[in-house]
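Inside the fold
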Amino acid sequence: MPLRSNPTVRQQRLGVEVRGIRERAGLTARAAAEFLGSSPMHQSHVETGRAGISGDRIRRLAAHCAVDDTAYVDALVDMASGRGKGWWEDYRGTIAPQGRDLAECEHHATRLRTFQVVHIPGLLQTEDHMRAMFDYASPDLTKEDVDTFVAFRLRRQRTLTDTPYEAIIHEAALRIRVGGSRTNRRQLRQIAERSESANVTVRVLPFDTDDFAGNGYSMLYLHGPVPQLDTVQIDTAHRGEFFGTEAHLLQYRRRYERVLATALPPAESRDLITRLAREL
């Protein structure tokens, strides 16, 4: 198989986990390659996500390295066997790799939790809201570009059909009139409606909370099949960044839980969103 020139975030993550199994056991890359019957160069490519690895080799390496967490090993095997192309691959060439990576990670997540300070979460946005955002942020985009971006985001929203989803939205994001009052009213009503779904929870962090000073804490926390495979995604000025180290996961879990502790309960949040919509 040819080497991947641009491995996805999920492929890179599998490589990182394989390297972690090896390193925690004190095994060199050369020794691991010899045990698995491959070359040190191939082992290096596996650990950077540029080459795949079979589920059988993952199980052999895990057993050799005394990894007894069967749920973790099974999850890695599932990652390795996921060779089919997802729907996001239809957007190769029109959507940036980070966007496709996000869609893939959302697709495989067992639970999604997000906190947004000045933006409505993408999975809750109306089409009019999306178009207004894209037009404002990148006025040079063609209509065809905007149509593609909107179609891609709408397709991502199908994740909410069954995946547990929790969104904490700062009141500031709810009050920003993206696209004008009419668009904002429809946006707020849609959030209120979707918050009534069994798998969707929306909480509002109001302006008058006494314990919030983290204006840069916007984040998406994607739960994996086991906690070790959780992922955090944050937006920067130029691209989305993904983190999966134990230290990063702990840091962002603590941040999220701290914000959650001061957010309004779901029913009160829905009431506030509905009131804001009526005021427009």
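Since this is a predicted model, take the numbers as computed values, not measurements.

Where helix 1 (residues 9–24) meets helix 5 (residues 70–81), the axes come as close as 10 Å, and the angle between the chain directions of the two elements is 140 degrees. If you check the angle between helix 1 and helix 5, you find them oblique. For the pair helix 1 and helix 5, the crossing hand works out as left-handed. Two secondary-structure elements touch here, helix 1 through Arg10, Arg13, Leu14, Glu17, Ile21 and Arg24 and helix 5 through Tyr72, Leu76, Met79 and Ala80. Its residues assigned to classes, the contact of helix 1 with helix 5 shows six nonpolar, no polar and four charged.

To continue, consider the nonpolar core. Ranked by size, the top nonpolar core spans 28 residues in total, and within it Leu124, Tyr165, Ile169, Leu174, Ile191 and Ile273 carry the most contacts. When residues in this core are grouped by element, the largest group, four residues, is from helix 12 (residues 266–279). Not counting chain neighbours up to four residues away, the residues in contact with Leu124 comprise Gln157, Leu160, Tyr165, Ala167, Ile169, Gln187, Gln190, Ile191, Arg194 and Val202. If you look at the next biggest cluster of nonpolar residues, it comprises 22 residues, including Leu27, Ala51, Ile53 and Ala80.

Let's shift gears to the packing of helix 10 (residues 181–194) against helix 12. Two elements in contact, helix 10 and helix 12, have axes whose closest approach is 9 Å; the angle formed by their N-to-C orientations is 160 degrees. The angle between the axes of helix 10 and helix 12 places the two elements in the roughly antiparallel class. Between helix 10 and helix 12 lies a crossing whose hand is left-handed. In contact with Arg185, Leu188, Arg189, Ile191 and Ala192 of helix 10, helix 12 contributes Arg270, Ile273, Thr274, Leu276 and Ala277.

The next point concerns the pattern of salt bridges. Under the definition given, this model contains 15 salt bridges. Notably, a salt bridge pairs Glu47 with Arg22, separated by 2.7 Å at the nearest N-O pair. Note that Glu47 is positioned in helix 3 (residues 40–47) and Arg22 in helix 1, a separation of 25 residues in sequence. Across the pair Arg156 and Glu106 runs a salt bridge whose closest N-O atoms are separated by 2.7 Å. Here Glu106 lies in helix 6 (residues 97–108) and Arg156 lies in helix 8 (residues 143–156), a separation of 50 residues in the sequence. Taken together, the shared-partner salt bridges connect Arg19, Arg22, Glu23 and Glu47 into one network.

Look at helix 1: 22 Å from first C-alpha to last across 16 residues, which is about the 22 Å you get at 1.5 Å a residue. Where helix 1 is concerned, the buried positions are Val9, Arg13, Leu14, Gly15, Glu17, Val18, Gly20, Ile21 and Arg22. Note on helix 1: the residue one or two positions beyond its end, Gly26, has a positive phi of about 75 degrees.

Along helix 3, the residues that are buried comprise Gln43, His45, Val46 and Glu47. In this structure, the buried residues of helix 3 make contact with helix 1 and helix 2 (29–36).

Looking now at the packing of aromatic side chains. One pass over the full model with this rule turns up six aromatic pairs. Each ring, one from Phe134 and one from Phe149, has its centre 5.5 Å from the other, and the planes form 55 degrees; the classification is tilted. Here Phe149 lies in helix 8 and Phe134 lies in helix 7 (residues 127–137), a separation of 15 residues in the sequence. A relative accessible area of 15% means that Phe134 is categorised as buried. Between the aromatic rings of Phe243 and Tyr252, the centroid separation amounts to 6.4 Å while the plane-to-plane angle is 20 degrees, which identifies the pairing as stacked. The class of Phe243 is partly exposed, set by a relative accessible area of 24%. Ring pairs connect the aromatic residues Trp87, Trp88, Tyr91 and Phe152, which therefore count as one cluster. The side chain of Arg113 reaches across the aromatic face of Tyr221, ending 5.9 Å from its centre.

Looking now at the side chain of Ser195. Topologically, Ser195 is positioned in the loop between helix 10 and strand 3 (200–205). A distance of 2.9 Å separates a polar atom in the side chain of Ser195 from a polar atom in the side chain of Arg270. Discounting residues that sit within four places of it in the chain, Ser195 has contacts with Val200, Val202 and Arg270.

Each value, and the rule that gives it
Residues numbered from 1 in each chain as written. Predicted model: local features only at pLDDT ≥ 70, side-chain atom pairs only at ≥ 80, totals over all residues. Heavy atoms only, no water. Axes fitted to C-alpha atoms, helices over the stretch in contact; angles between N-to-C directions. Helix = DSSP H or I, 4+ residues; strand = E, 2+ residues; numbered from the N terminus. Parallel < 35°, antiparallel > 145°, perpendicular 65-115°, else oblique. Left-handed = near helix turned anticlockwise from the far one by under 90°. Contact = heavy atoms within 4.5 Å. Nonpolar A, V, L, I, M, F, W, Y, C, P; charged D, E, K, R; others polar. Core = buried A, V, L, I, M, F, W, Y, C linked by side-chain atoms within 4.5 Å. Buried < 20%, exposed > 50% of the residue type's maximum accessible area, 1.4 Å probe, protein only. Salt bridge = Lys/Arg side-chain N within 4 Å of Asp/Glu carboxyl O. Expected span 1.5 Å × (residues − 1). Phe/Tyr/Trp six-rings, centres within 6.5 Å; stacked < 30°, edge-to-face > 60°. Lys NZ or Arg CZ within 6 Å of the ring centre and 35° of its normal. Polar contact = N/O pair within 3.5 Å; in protein donor to acceptor, adjacent residues only side chain to side chain.

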